[in-house]
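Tertiary structure, described
Chain residues, written in single-letter form:
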Amino acid sequence: RRPPALRPQRSSGLEEMSKGAYYKERYGGGGRGKGGGGKGGGGKGGGRGGRDSFGGELDGAGSGNRARGGTCKDLRSGLEQLEGRPYPAYRDLEGYEFELVSSITLVVHHVQSDPFAPPTRCYLSIPRAAAGFPSNCFSTKPREIALRDLIARRFARDAKLAGVDQRTETGGWHGGKGGEVTIDGPGQYVLERSAVVVTAEAIELRFTVALPAQGRSIMGHWAASVLADTLPRLAADALLCASYDPSHVKAHLDSVEDQMAARAQLPGLGLAAFVADGSLLPRASGASDAPLTDGHPVLFASPPSLRTTLLLPNAGKVEGMGIRCGVTLIVGGGFHGKSTLLQALQVGIYDKVPGDGRELVVADSHAVKVRAEDGRAVTRADISPFIDHLPFGRRTTDFSTADASGSTSQAAGIVEALEAGCSTLLLDEDTCATNFIIRDERMARLVAPDREPIRPFVSRVRPLWEERKVSTIMVMGGSGDFFESADCVLMFDCYSVSDVTARAKAIAAALPAATHPTPQGVFSQLPRRCPAASGLRPGLKVSAGRSGIRFGDEIPELDLTHVEQICEHSQVRPATAGHAPTFPSPLLYHSAGPRLAQPYTHQAGLRAAAEQPGGARRAEGLTG
């Protein structure tokens, strides 16, 4: 029931007013949605027809078809006229095109319904010729992606400098709130994102703005300050080539193009990864991706035996360490740089901004970091290559559990990565389940092999390479059991790396480790699972963040906390665009909550799931 103040009043004690008459009496004009009203969501014309607050003509039926277009002056005037009106009056903005400055047009795509709703979606558009960027900025796909990234960075930086990137709230519910202008702002990584789009004719920059209000009343002067004063400056600085230092644009585009070229050369050279000499691997802190600048960080230098040369389109010849496909161990004392290298490799699938220090640390684009995840769900996975012969004859070729142990979760993670097309596994002993990785001679004698369901990874790492051509790069500082299986052993000492493969092999020959049976064909066939079309009900509300995805209120979240290669929350957002979680990357494949995961089936395909009602719906305003 509506509170008394909002209930329609009765006329002369007779029947209640119609809804249209109620809104006409309360807000004036021709009623809600009729294009009139001195206060409510319409213009000043009253009744049928007339004009809205921005001078646009409304048709006689009140459907809101308007003569589109206006200037920055019209935008300011219209917003100031909305001062104090109910919040729905902001909808007069929707669909308008305002020329702000220098051929840059603002289009308000969708206006938020109230101050607490998701912000208003807008975009800026400028003809490519008017923007003035030279043709070589668009000559290749990598250069275009880099330019789009640069424009998004400039807009995000300027919004922060202008102080409009943060929401303002004063005086509680009745105080002023809103005003922030936000874009999917990049961090250290250059990702292909839809915040900036380039076509043959134009450049389009997409952002959101929280239209300001006091309570539920419009603060038109504040909105005019943001959209008509600040936004034109941000737009010109981001979208006009004249605002940029040409050398900075060239350096940014050249760097990204070289990184993509380096990654593309790896398969032809038989490499799983490459680390350029002079790379700065350490980060400022465990919570930051920025490079370490304090002290005297040690720059990377390749061992002579592994030095490789790449020929890049802009930098020319670049030397560094080539990590060959196969099995590579990274050993050394604690705090000497082993995990630092692996962390650089796990983001080697991405391009970085110039100055990051890891620009030419590149990895196989299908490299996946896998770790133990106690408590995660596993659904219909074939983990028999690693775990078999469970008590009471329980099968592991079609295994499900809502609460996996560390070893079971890591076995499932590897199998899921293989299903999704992984060609290089990255593992760090610090985040692995010990009983999954190794099993020493003493324990093997105490617990007979036929009483131990877990087949340690040390007995499976060679078959992974020999049967499926899946490489493994692994940090291992606590056991030498992998020496026999390794093709290359790298040792870190005070952040400097050396090739100690020959020494490791000699030690393995002198001190043999426990032997584990390694049957042939253990990875010859793995089933490929797909989400069933019945997995998610149409109409569920979907929300996403860096740590997970939630479908509806009652379904457990897809926990992505331990999917370490997700570097920005906007990477997760596209997975929420439809009802079927059609994750194209191995990175998201292995994190399904217990109830959500149940519909997995070996027969149902992703296409069938996407063809369900709403399954392939377009995500409007997506900035990820």
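Look above for the structure.
In short, a report on the structure.

What counts and what doesn't
Residues numbered from 1 in each chain as written. Predicted model: local features only at pLDDT ≥ 70, side-chain atom pairs only at ≥ 80, totals over all residues. Heavy atoms only, no water. Buried < 20%, exposed > 50% of the residue type's maximum accessible area, 1.4 Å probe, protein only. Helix = DSSP H or I, 4+ residues; strand = E, 2+ residues; numbered from the N terminus. Pairing = 2+ DSSP bridges. Axes fitted to C-alpha atoms, helices over the stretch in contact; angles between N-to-C directions. Left-handed = near helix turned anticlockwise from the far one by under 90°. Contact = heavy atoms within 4.5 Å. Polar contact = N/O pair within 3.5 Å; in protein donor to acceptor, adjacent residues only side chain to side chain. 1 Å grid on protein atoms, 1.4 Å probe; cavity = no way out; pocket = protein on both sides within 12 Å on 5 of 7 lines; lining within 4 Å. Points joined across faces, edges and corners; volume = space filled by probe spheres on them. Nonpolar A, V, L, I, M, F, W, Y, C, P; charged D, E, K, R; others polar. Arc of directions from axis to C-beta. Core = buried A, V, L, I, M, F, W, Y, C linked by side-chain atoms within 4.5 Å. Salt bridge = Lys/Arg side-chain N within 4 Å of Asp/Glu carboxyl O. Phe/Tyr/Trp six-rings, centres within 6.5 Å; stacked < 30°, edge-to-face > 60°. Lys NZ or Arg CZ within 6 Å of the ring centre and 35° of its normal.

1. Points about helix α11 (residues 461–468)
- Among all positions in α11, only Val 461, Arg 462, Pro 463, Leu 464 and Trp 465 are buried.
- Phi turns positive one or two residues past the end of α11, at Lys 469, with a value near 55°.

2. Examining the sheet that holds strand β5 (residues 168–169)
- Taking strand neighbours across the sheet as the criterion, the four strands line up as β5-β6-β11-β12 in an open arrangement whose pairing is antiparallel. What marks the edges here is a single partner per strand, and that holds for β5 and β12 (217–218).

3. Re the packing of helix α4 (residues 141–162) against helix α5 (residues 220–239)
- Where α4 contacts α5, the axes come no closer than 8 Å and their chain directions differ by 150°. Where α4 crosses over α5, the two elements pack in a sense that is right-handed. Side by side, α4 and α5 meet where Ile 151, Arg 154, Phe 155, Arg 157, Asp 158, Ala 159 and Ala 162 of the first sit next to Thr 230, Leu 231, Leu 234, Asp 237, Ala 238 and Leu 239 of the second.

4. Structural notes on the side chain of Ser 459
- Turning to its location among the elements, Ser 459 is positioned in the loop between α10 (441–446) and α11.
- Separated by 2.7 Å, the side chain of Ser 459 and the backbone oxygen of Pro 456 make a polar contact.
- Of the polar contacts made by the side chain of Ser 459, one reaches the side chain of Arg 460; its length is 3.3 Å.
- Those residues within four positions of Ser 459 in sequence are excluded, and the remaining contacts are His 516, Pro 517 and Thr 518.

5. Looking at empty space enclosed by the protein
- Applying the stated rule across the entire model yields two cavities of 30 Å³ or more.
- The volume enclosed by the largest cavity comes to roughly 90 Å³.
- Taken together, Leu 281, Pro 282, Val 298, Leu 299, Phe 300, Gly 337, Thr 340, Phe 492 and Tyr 495 make up the lining of the largest cavity.
- Looking at the lining of the largest cavity, its residues break down into seven nonpolar, two polar and no charged.

6. Notes on the pairing of strand β16 (residues 307–312)
- Here β16 shows a clear split, with Thr 308, Leu 310 and Leu 312 buried on one side and none of Arg 307, Thr 309 and Leu 311 buried on the other.
- Pairing geometry for β16 and strand β17 (residues 316–324), over six bridges, is antiparallel. Bridge pairing links Leu 311 to Lys 317 in β17.
- Between the antiparallel neighbours β16 and β17 lie three residues.

7. Structural notes on the sheet that holds strand β20 (residues 361–363)
- The sheet built from four strands is open, its strands ordered β16-β17-β13-β20 with antiparallel pairing. One side of each edge strand has no neighbouring strand; the edge strands of this open sheet are β16 and β20. Neighbour-to-neighbour, the strand axes of this sheet turn through a mean angle of 35°, independent of strand direction.
- Strand contacts of helix α6 (residues 246–269): β13 (271–276), β16 and β20, with the helix running at about 125° to β16, the strand carrying the most contacts.

8. Overview of the pairing of strand β4 (residues 120–127)
- Here five bridges tie strand β3 (residues 104–110) to β4, and the two strands are oriented antiparallel to one another. Each bridged residue has a counterpart across the sheet, and for Thr 105 the counterpart in β4 is Ser 125.
- As paired elements, β4 and strand β10 (residues 202–209) share eight bridges and run antiparallel to each other. Each residue of the ladder has a partner; that of Thr 120, found in β10, is Val 209.

9. Thoughts on helix α12 (residues 501–510)
- Of all the residues in α12, the buried ones are Thr 501, Ala 504 and Ala 508. Taken end-on, α12 shows its buried residues confined to a sector of 65°, consistent with a single buried face. Residues of α12 that are exposed and point more than 90 degrees away from the buried face comprise Ala 502, Arg 503, Ala 509 and Ala 510.
- On its buried face, α12 is in contact with β26 (488–493) and β27 (496–499).

10. A look at the nonpolar core
- Formed by 63 residues in total, the largest nonpolar core has its most connected members in Leu 124 and Phe 207.
- Ignoring sequence-local partners within four residues, the contact set of Phe 207 consists of Leu 106, Thr 120, Arg 121, Cys 122, Tyr 123, Leu 124, Phe 155, Val 181, Thr 182, Ile 183 and Leu 231.
- Grouped together as the second largest cluster of nonpolar side chains are 45 residues, Val 368, Ala 381, Val 415 and Met 476 included.

11. What about the pattern of salt bridges?
- Evaluation of the coordinates by the stated rule reveals 28 salt bridges.
- The salt bridge partner of Asp 254 is Arg 143, with a shortest N-O separation of 2.8 Å. Residue Asp 254 is located in helix α6, and its partner Arg 143 is located in helix α4; the two are separated by 111 residues in the primary sequence.
- Exposure remark for Arg 143: the relative accessible area of 7% places this residue in the buried category.
- One salt bridge in this structure joins Glu 564 and Arg 371, with 3.1 Å as the shortest N-O distance.

12. Side note on the packing of aromatic side chains
- In total, this model carries 10 aromatic pairs according to the counting rule given.
- With a centroid separation of 5.1 Å and 20° between ring planes, the pair formed by Tyr 96 and Phe 98 is classed as stacked. Neither residue differs from the other here; Tyr 96 and Phe 98 are each classed as buried.
- On the basis of an interplanar angle of 40° and a centroid distance of 6.4 Å, the ring pair of Phe 457 and Phe 482 is categorised as tilted. On the criterion of sequence distance, the pair formed by Phe 457 in the loop between α10 and α11 and Phe 482 in the loop between β25 (471–475) and β26 is long-range, its members being 25 residues apart.
- The class for Phe 457 is buried, based on a relative accessible area of 0%.
- Three or more aromatic residues link up through ring pairs in this structure, and these residues are Phe 386, Phe 436, Phe 457, Phe 482 and Phe 523.
- For Arg 128, the ring lying beneath its charged end belongs to Phe 138, and the centroid distance is 3.9 Å.
- The positively charged end of Arg 154 is found above the aromatic ring belonging to Tyr 244, 4.0 Å away from the centroid.

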